[in-house]
Amino acid sequence: MVDIHWTESGGSRSAVWHSATGQLPPRRIELADDRTRANDAYRLARAGTGLLWRGDYHNGRQLLQAVRRRIDRSDSSADATNSIAEAFRRQRQTRQRQAELLNKVLLELTADYRIPLRRAPDVRQACRWAYGTSSQATVLPLRELLGVLGAWQWHEKGVPIPALNSRIHPHYGVFSPTRNEYIDLVAEAPLPPGAHPPDLVFDIGTGTGVLAAVLANRGIGRIVATDSSPSAVACATANIARLGFAGQVDVVQGDMFPRGRAGLIVCNPPWLPGQPNSLLEQGVYDPQSQMLRGFLDQLRDHLEPHGQGWLILSDLAERLGLRTRTELLDMITAAGLRVLGRLDTAPRHPRSTETTDPVHAARAAEVVSLWRLSPADDRPG
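The structure displayed is predicted, hence computed values, not measured ones.

Novice: I'd like a rundown of the environment of Ala236, residues and numbers included.
Specialist: Secondary-structure assignment places Ala236 in helix α8 (residues 230-242). In the structure, Ala236 is positioned 187 residues away from Thr49 in sequence and 39 Å away in space, judged by C-alpha atoms. Not counting residues up to four positions away in its chain, the partners in contact with Ala236 are Thr206, Gly207, Thr208, Gly209 and Val251.

This is the structure in structure tokens:
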């Protein structure tokens, strides 16, 4: 743990610094309150100074929004580009810069997760859910706390999954299954020939457990769902139990494949190669395509004879110039696999119709696919 220090009321103060993204604390801290002007806050944030908010809670949120508007105005002056790949690169840089500046507006929480500010909400339950118990005062970016509160609302409400006629309840830091098109592919794809359904299925990188639940709902008797994240394992375990599939699905913590072989192995890796900048981006960005490559390279060693691997992947990376279709096919071939077929669907999420997005053309043309794979030398009859 790292302590953060500041001067207040003529004395030295300190608290434990908390950042879920691993961001280091600002080297310099100044107090800010209702008298702080947005232009001054923006200037100080750009200089690397952290602003510990001591005013009205809702005014602190308004200050955060005012700083965001100034960042947006500054970024809007950047030169336009006709390349989608370059537009995406700039968009990523802009968002990272926005996060770095906005995370300079800080908030203190007491040891029991109270906010000692006027009109502050009760965030204790949400913080205990996200962070666990605490015994010391903490300082964290106000923006991160707002993210925790938003995640808590999603968790309480749940995400509707039509394929299950129910809801999935994501945990903090676990990617939420808000895009139903890829879930529908798993719900509708024909199962491998032979045993109907397969005796055993692996779900690699289960996250919230949504795909394991969909497969259990299709009548598969035993599913082993894996994830390397303890938060994801806890999340998937809770969702599987809530949906009544605990007798069919075992959720285990581990990297990639469990022991043994299965007739069907499903994986929905992060769709974009790149470095994630936040917890939630870990569900979107796959550094050097490590998870994708790991799944493909190990798949044939874990499939039963005539079994199939289902790779759920968007072609957005190809449309953004981050990976080519040839590179993907070469990965499949190099892993000793062949493509049996592919099921495609179009995106239905709101961003696919957001014309103000600099990479709208790529998102509007995106195709999500379920690739049916088998060992190259495993041919029927």
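Moving on from the model shown.
Novice: Lay out the packing of aromatic side chains in plain terms, naming residues and giving numbers.
Specialist: Following the criterion strictly, the structure yields six aromatic pairs and no others. Centre to centre, the rings of Phe257 and Phe295 are 5.9 Å apart; their planes meet at 5 degrees, and the pair counts as stacked. Remark: Phe295 occurs in helix α9 (residues 290-299) and Phe257 occurs in the loop between β11 (249-253) and β12 (262-267); sequence separation between them is 38 residues. Each member of the pair, Phe257 as well as Phe295, is classed as buried. Members of the aromatic cluster, joined through ring pairs, are Tyr113, Trp129, Tyr131, Trp152 and Tyr172. A cation over an aromatic ring shows up here: Arg92 above the ring of Tyr285, its NZ or CZ 3.8 Å from the ring centre. Lying over the aromatic face of Trp371, Arg342 brings its terminal NZ or CZ to 5.1 Å of the ring centre.

Novice: Which residues make up empty space enclosed by the protein, and what values go with them?
Specialist: On inspection of all chains with the given rule, the structure shows one cavity of 30 Å³ or more. Mapped onto the lining of the largest cavity, the elements with two or more residues apiece are β15 (303-314), α11 (325-334) and β17 (368-375). Split into classes, the residues belonging to the lining of the largest cavity amount to four nonpolar, two polar and three charged.

Quick notes on the rules
Residues numbered from 1 in each chain as written. Predicted model: local features only at pLDDT ≥ 70, side-chain atom pairs only at ≥ 80, totals over all residues. Heavy atoms only, no water. Helix = DSSP H or I, 4+ residues; strand = E, 2+ residues; numbered from the N terminus. Contact = heavy atoms within 4.5 Å. Phe/Tyr/Trp six-rings, centres within 6.5 Å; stacked < 30°, edge-to-face > 60°. Buried < 20%, exposed > 50% of the residue type's maximum accessible area, 1.4 Å probe, protein only. Lys NZ or Arg CZ within 6 Å of the ring centre and 35° of its normal. 1 Å grid on protein atoms, 1.4 Å probe; cavity = no way out; pocket = protein on both sides within 12 Å on 5 of 7 lines; lining within 4 Å. Points joined across faces, edges and corners; volume = space filled by probe spheres on them. Nonpolar A, V, L, I, M, F, W, Y, C, P; charged D, E, K, R; others polar.

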